[in-house]
Amino acid sequence: MSAALVLGVVGTIASAVVSGRDPSTTVTWWLPNWDTPIATELVAQFEAENPDLTVRMVETTLDTMANKISVALDSGDTPDVITDLVSRTRTYIRSDQLADLSDLYGPDMPREDFVHGALDAVSSGGATYAVPYRWDCISLIYNKDLFAAAGISEPPATWSEFVADAETLTSGDVAGVAWPMNGSPNGLVNRFLGFAMSAGATVEDGVPQLTVESSRAALEIVGSSVAEGWASRSSLEVDNTEVRELFINGRVAMYIGGVFDVQLQLDAGMNVGTAVTPGPGGPGMQGADGWGYIVPAEAQNIDGAERLVAFLSRPANMARLTSTYPARISAAEGERFHDEYRQAHWVQLTEHSVPTPNDPAWVGMIPSVYSTIQSVALGQSTPEDGARAIQAEADRLLGPAR
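Residues numbered from 1 in each chain as written. Predicted model: local features only at pLDDT ≥ 70, side-chain atom pairs only at ≥ 80, totals over all residues. Heavy atoms only, no water.

A. Expanded view of the overall build of the chain. Secondary structure assignment for the chain yields 16 helices and 13 strands. Radius of gyration (C-alpha) of the chain: 22 Å, near the 21 Å computed for a compact globule of 402 residues. Across its three principal axes, the chain shows a C-alpha extent of roughly 65 × 50 × 40 Å. When each of the 402 residues of the chain is scored for burial, the buried share is 56%. Across the chain, the fraction of contacts at a sequence separation of at least 24, relative to all contacts at a separation of at least 6, is 75%. (Helix = DSSP H or I, 4+ residues; strand = E, 2+ residues; numbered from the N terminus. Rg over C-alpha atoms; globule rule 2.2 N^0.38 Å. Buried < 20%, exposed > 50% of the residue type's maximum accessible area, 1.4 Å probe, protein only. Contact = heavy atoms within 4.5 Å.)

B. Quick peek at the environment of Gly-379. For Gly-379, the position within the fold is in the loop between α15 (360-377) and α16 (383-397). Here Gly-379 falls in the exposed class, since its relative accessible area comes to 55%. Separated by 152 residues in the primary sequence, Gly-379 and Ala-227 have C-alpha atoms spaced 5.6 Å apart.

C. Highlighting empty space enclosed by the protein. Scanning the model with the defined rule gives 1 cavity of 30 Å³ or more in all. Each pocket or cavity is described by its volume, and for the largest cavity that value is around 40 Å³. If you go around the largest cavity, the residues you meet are Asn-190, Leu-193, Gly-194, Met-197, Gly-287, Thr-356 and Pro-357. Broken down by element, the residue count for the lining of the largest cavity peaks at 4 residues, all from helix α7 (residues 185-198). Looking at the lining of the largest cavity residue by residue, the class counts come to 3 nonpolar, 4 polar and no charged. (1 Å grid on protein atoms, 1.4 Å probe; cavity = no way out; pocket = protein on both sides within 12 Å on 5 of 7 lines; lining within 4 Å. Points joined across faces, edges and corners; volume = space filled by probe spheres on them. Nonpolar A, V, L, I, M, F, W, Y, C, P; charged D, E, K, R; others polar.)

D. The pattern of salt bridges, seen in detail. For the structure on display, the rule yields 13 salt bridges. Of the charged contacts, one joins Asp-52 and Arg-307 as a salt bridge, the two residues approaching to 2.9 Å between their closest N and O atoms. In this pair, Asp-52 sits in the loop between α2 (36-49) and β2 (54-60) while Arg-307 sits in helix α12 (residues 302-312), placing the two residues 255 residues apart along the sequence. On the basis of relative accessible area, Asp-52 is assigned to the partly exposed category, the value being 43%. The residue Arg-328 makes a salt bridge to Asp-113 at a minimum N-O spacing of 2.7 Å. (Salt bridge = Lys/Arg side-chain N within 4 Å of Asp/Glu carboxyl O.)

E. Highlighting the confidence of the model for the chain. Per-residue confidence for the chain gives a mean pLDDT of 92, with 94% of residues at or over 70. In this model residues 1-20 is a low-confidence stretch, pLDDT under 50, and it forms 33 contacts with partners more than four residues away in sequence or in other chains. (pLDDT = per-residue confidence, 0-100.)

F. Quick peek at the nonpolar core. One finds Trp-29, Val-81 and Trp-135 to be the most contacted residues of the largest nonpolar core, which totals 63 residues. Per element, the largest residue contribution to this core is 5 residues, and it comes from α12. Judged by nonpolar contacts, the second largest core, of 48 residues, contains Phe-162, Ala-196, Val-222 and Ala-377. (Core = buried A, V, L, I, M, F, W, Y, C linked by side-chain atoms within 4.5 Å.)

G. Summary view of the pairing of strand β12 (residues 286-294). The buried fraction of β12 is high, at 9 of 9 residues. Where strand β6 (residues 131-143) lies against β12, 6 bridges are found, and the strand directions are antiparallel. Counted as the bridge partner of Arg-134 is Trp-291 from β12. Across 3 bridges, β12 lies against strand β13 (residues 353-355) in parallel orientation. (Pairing = 2+ DSSP bridges.)

In structure tokens form, the structure reads like this:
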């Protein structure tokens, strides 16, 4: 049997692949393959505490999970627990495909223990349909050596400092900043949204409320920076991973990226620093997203599923299963979440972020926003024209700005 389909982990987990068993004693959990090693240990512990239940672990992959999960929920032939992106849950909620997990929240898992905004992203109509366990966002990462060589002692704290520093740092084959303008549009559009929210845009019930003014301000930084030469021209040819590589190779002095990038840069021997993303007059905003546990409404063993989710959501277990930040504040008390390289991202996450827009209509609008940013970067349109085009599309797909 392929390990990519069913993980025969230890003891009773291995026996879970046997067909024809009583579904009331089995909990089938679909989880991403990168969580497998630690999840295997946690499942062994769960089964020791719950001898009446056996967990069947089924791996998913980043490239295939969205379609696999969607097909399962649409067909009603579902597992009992699924690990999925939080930003996808609103689509399932609107189709009545998820079980209400509100009863899991209480003294053992208080709502106030979750990072601000995390539960908003998985709640609707007074019910909560998932338990987020990993929550993170992007923030500023910079090369301390390049900053020092340019005579800059601190990372930028405002937009004007960000632009001035980037212009100063742009020299020879080094650019002040870079953006992921090739590949998946989500990375670029999320960065645009961070600047737009810092300029007054909001997110309500998963829908971004843009204005011409907020979009123009964001385009003046994310788009015009390339056209004006203080962001790398290579931005038009690179994705998130390649931006990180430009940074590691000393070709870019700073960029907006995730805390998961920082360890790779430290491993490469870089003198790296992190800071909260600058806004117009202080800290700027970013969109946050993460991973959570959902229980399909058609699950055969909802009771067992809820017991597994409650176990996985204990602070210690949540901390073990995330390489970025756990969604529960009490789970993030360990030093590894607050060292000099991670603290800025934590402050960004807990004080200056909101859940990434996840309304299906917005998802459909992302490609047009992506193209508009590229057009401004190429000098084919102005930030003003681009902002008006984005607003017209937002009014058409999302409803007039409120």
